[in-house]
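# Chain and residue survey
What follows is the residue order along each chain.
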Amino acid sequence: LKEITVIPNLVDDEFFKPVDHSIRNQEFTFFSLGRMVPQKGIDILLKAFASMHSKAQLRIGGDGPHLNEYRRLARDLKIDHKIIWLDQLDKNQALKEYQNCDAFVLPSRHESMGVVFAEAMACGKPSIATICGGPEEFIDDSVGYLASPEDVAGLQESMEKMLSNFSLFDPGLI
């Protein structure tokens with residue numbers, strides 16, 4: 001083969017697009033979306049969120065075999081009052097969540113690409129991901145932050161950094 005072209009997962013950027021919000025949420029809102037399975041690192045996300053010193057809200061969309069286990073973990077960590085479980089979302093519901101959050105976060109243990117990151121970025125949202133096989137190819141400090149997989153403290157630090165530096169992200173350049 002003389003020339004190879006790689007075409008990544010595509011996102012409908014006519015559908016997934018930013019909206020102009022003249023009023024920001026009073027409380028910083030992180031959004032996460034994925035199947036409720038160990039690969040997606042929701043347990044790591046909950047532990048990192050529980051360690052945060054800043055005030056924030058976490059909205060989690062998705063369904064799967066470990067959903068009840070993650071809800072129990074949130075209760076055990078005493079953060080269930082700061083989490084809104086959205087369960088399975090259709091495309092329109094996911095769009096509204098992307099558009100209304102401040103930042104997207106998904107600490108996968110392994111991910112080939114992560115269409116959810118592309119959807120969040122198409123909506124102009126900075127993202128926090130892990131160095132797990134795919135996201136590190138397109139997420140840098142101009143569009144978000146990376147943490148190591150399984151690193152609760154590193155993820156918590158990235159989330160706190162997002163809160164502190166949120167104004168530096170330009171939705172038009174993400």
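Quick note: structure is the one above.
The paragraphs below set out a description of the structure included in this document.

The rules behind these values
- Residues numbered from 1 in each chain as written.
- Predicted model: local features only at pLDDT ≥ 70, side-chain atom pairs only at ≥ 80, totals over all residues.
- Heavy atoms only, no water.
- Phe/Tyr/Trp six-rings, centres within 6.5 Å; stacked < 30°, edge-to-face > 60°.
- Helix = DSSP H or I, 4+ residues; strand = E, 2+ residues; numbered from the N terminus.
- Buried < 20%, exposed > 50% of the residue type's maximum accessible area, 1.4 Å probe, protein only.
- Lys NZ or Arg CZ within 6 Å of the ring centre and 35° of its normal.
- Pairing = 2+ DSSP bridges.
- Axes fitted to C-alpha atoms, helices over the stretch in contact; angles between N-to-C directions.
- Core = buried A, V, L, I, M, F, W, Y, C linked by side-chain atoms within 4.5 Å.
- Contact = heavy atoms within 4.5 Å.
- Salt bridge = Lys/Arg side-chain N within 4 Å of Asp/Glu carboxyl O.
- Right-handed = clockwise from strand over helix to strand, strands pointing away.

Here the focus is the packing of aromatic side chains. Enumeration over the complete set of coordinates arrives at 10 aromatic pairs. When the ring of Tyr145 is compared with that of Phe169, the centres are 5.6 Å apart and the planes differ by 80°; the resulting orientation is edge-to-face. Pair noted here: Tyr145 is in strand S6 (residues 144-147) and Phe169 is in the segment after helix H5 (152-165), with a separation of 24 residues, a long-range link. Both residues of the pair, Tyr145 and Phe169, count as buried. These aromatic residues form a ring-pair network of at least three members: Phe15, Phe16, Phe31, Tyr98, Phe104, Phe117 and Phe138. Note that Lys82 overlies the ring of Phe49, its terminal NZ or CZ placed 5.1 Å from the centroid. The residue whose ring lies beneath Lys91 is Phe15, and the NZ or CZ to ring-centre distance is 4.6 Å.

So, on to the sheet that holds strand S4 (residues 103-105). Read from one edge to the other, the open sheet built from 6 strands follows the order S3-S2-S1-S4-S5-S6, with strand pairing classed as parallel. Sheet topology places strand S3 (83-87) and S6 at the edges, where each strand pairs with a single neighbour. On average, each strand axis in the sheet is inclined to that of its neighbour by 20°, with strand direction left out of account. By the bridge criterion, 6 bridges tie strand S1 (residues 28-33) to strand S2 (residues 56-61) in an arrangement that is parallel.

One non-glycine residue, Lys78, lies in the positive phi region at around 60°. For Lys78, the position within the fold is in the loop between helix H2 (67-76) and S3. With a relative accessible area of 63%, Lys78 lands in the exposed category.

What follows concerns the nonpolar core. Ranked by internal contacts, the top residues of the largest apolar core, which has 50 residues, are Phe30, Leu46 and Tyr98. Among the elements that take part in this core, helix H1 (residues 42-51) stands out by supplying 6 residues, more than any other. Every residue in contact with Leu46, bar those within four places of it in the chain, is listed here: Leu58, Ile60, Tyr70, Leu73, Ala74, Leu77, Ile79, Ile83 and Trp85.

Attention shifts here to the pattern of salt bridges. Any two side chains of opposite charge can pair if their charged atoms end up close together. Per the stated rule, a full pass over the model turns up 5 salt bridges. Salt-bridge contacts for Asp43 lead to Arg109; the nearest nitrogen and oxygen are separated by 2.8 Å. Taken together, the positions of Asp43 in helix H1 and Arg109 in the loop between S4 and helix H4 (115-122) put the pair 66 residues apart, joining distant regions of the chain. A relative accessible area of 15% places Asp43 in the buried class.

Now for the pairing of S3. As paired elements, S2 and S3 share 4 bridges and run parallel to each other. By the bridge assignment for S3, Arg59 is matched with Ile84. In the classification by handedness, the crossover that spans S2, the intervening H2 and the parallel S3 is right-handed.

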